[in-house]
Amino acid sequence: MSDSPAGIGPLDAGGAVAPQSGSGRRIIRADAHADLQRRAHGSGDAWVHGPNGEKYWGTHGAAGLLAHHPDAGVLLQLRATWSHYGDTWGLPGGARKLGESAVDAAVREANEEAGVPPALLRVEFEQVFDRGFWSYTTVVAEALEDFDPVIGDAESAALSWVPMDEIDRLPLHPGFAASWTGLRRRLS
């Protein structure tokens, strides 16, 4: 067995989490030998630089999917080490394409990165972080069935359904960490 990120527990040789205290939680890890590719960049895939030097991904903004299930928890993605804020847990998501709605972008990205089946989602609400020159929309959707996520590209080091009360124990992407308290309150 190998160690996994804080709060997730040891992994078996197949990449599944060994249950902790009967939690039955599972984690899907990228196989170190898999030939996962980065997706080709699209029209919105570039950095946007703000007036104070901050940078954000997505020339048309970005969106992510917070998929939750009453028994499984929240589907989180461990970002690949090489990515912006790598080795942190956040939501599957990414840059919006020109003219693409936030919901469509979040669902598309979650399907590409984590194998989230669009037909199993019921969108509940959106939460927007708007910087004036760039925005990020968190699309919150209930997963109508528990499903096993599938790592679809090199952006994910791991995927896991995490119980809501355990999310704060993980090293979170700063943007997700800043929004999690409010999102959790709305989900409760």
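Here, every reference points to the structure presented above.
Below, the structure is looked at part by part. These numbers were taken from a predicted model, which means no experiment stands behind them.

Parameters at a glance
- Residues numbered from 1 in each chain as written.
- Predicted model: local features only at pLDDT ≥ 70, side-chain atom pairs only at ≥ 80, totals over all residues.
- Heavy atoms only, no water.
- Helix = DSSP H or I, 4+ residues; strand = E, 2+ residues; numbered from the N terminus.
- Expected span 1.5 Å × (residues − 1).
- Buried < 20%, exposed > 50% of the residue type's maximum accessible area, 1.4 Å probe, protein only.
- Contact = heavy atoms within 4.5 Å.
- Bend = angle between axes of the 7 residues up to and from the residue.
- Core = buried A, V, L, I, M, F, W, Y, C linked by side-chain atoms within 4.5 Å.
- Salt bridge = Lys/Arg side-chain N within 4 Å of Asp/Glu carboxyl O.

## Section: helix H1 (residues 102-114)
So, step 1. Its 13 residues give H1 an end-to-end C-alpha distance of 17 Å, which sits within 8% of 18 Å, the value for a rise of 1.5 Å per residue.
So, step 2. Taken residue by residue, H1 has Ala102, Ala105, Ala106, Val107, Arg108, Glu109, Ala110, Glu113 and Ala114 as its buried positions.
So, step 3. Residues of H1 that are buried sit in contact with strand E4 (62-69), strand E5 (73-79), strand E7 (93-95), strand E8 (121-130), strand E9 (135-143) and strand E10 (156-162).
So, step 4. Gly115, located one to two residues past H1, shows a positive phi value of around 65°.

## What to know about helix H2 (residues 174-187)
So, step 1. With 14 residues, H2 extends 20 Å from end C-alpha to end C-alpha; this agrees with the ideal 20 Å at 1.5 Å per step.
So, step 2. Of all the bends in H2, the greatest measures close to 45° and is centred on Trp180.
So, step 3. Those residues of H2 that sit buried are Phe176, Ser179, Trp180, Leu183 and Leu187.
So, step 4. On its buried face, H2 sits against E4, E5, strand E6 (89-90), E8 and E9.

## Notes on the nonpolar core
So, step 1. One finds Leu65, Ala67, Leu75, Val116, Leu121, Phe147 and Trp161 to be the most contacted residues of the largest nonpolar core, which totals 21 residues.
So, step 2. Those elements that place two or more of their residues in this core are E4, H1, E9 and E10.
So, step 3. Counting residues per element, this core draws most heavily on H1, which supplies 6 residues.
So, step 4. When neighbours within four sequence positions are excluded, Leu75 is seen to be in contact with Ala67, Leu91, Pro92, Ala114, Val116, Phe147, Pro149, Leu159, Ser160 and Trp161.
So, step 5. Listed in part, the 18 residues of the second largest apolar core include Leu76, Trp89, Leu91 and Phe125.

## Some details on unusual backbone geometry
So, step 1. At Tyr85, a residue that is not glycine, the phi angle is positive and equals roughly 55°.
So, step 2. Of note, Tyr85 is situated in the loop between E5 and E6.
So, step 3. On the basis of relative accessible area, Tyr85 is assigned to the partly exposed category, the value being 41%.
So, step 4. Residues other than glycine seldom take positive phi values, yet Asp87 does so here, at roughly 65°.
So, step 5. Note that Asp87 resides in the loop between E5 and E6.
So, step 6. Judged by its relative accessible area of 40%, Asp87 falls in the partly exposed class.

## What about the pattern of salt bridges?
So, step 1. Per the counting criterion, the structure on display carries 7 salt bridges.
So, step 2. Residue Glu109 is joined to Arg108 by a salt bridge in which the shortest nitrogen-to-oxygen separation is 3.1 Å. When sorted by exposure, Glu109 lands in the same class as Arg108, which is buried.
So, step 3. In this structure, Glu142 engages Arg122 in a salt bridge whose closest nitrogen and oxygen atoms are separated by 2.6 Å. Of the two residues, Glu142 is situated in strand E9 and Arg122 in strand E8; the sequence distance between them amounts to 20 residues.
So, step 4. Glu142 sits in the buried class, given a relative accessible area of 19%.
So, step 5. When its relative accessible area of 41% is taken as the criterion, Arg122 is described as partly exposed.
So, step 6. Through salt bridges with shared partners, a single ionic network connects Glu100, Arg108, Glu109 and Glu112.

Spatial relationships are all this shows, so hold off on functional conclusions.
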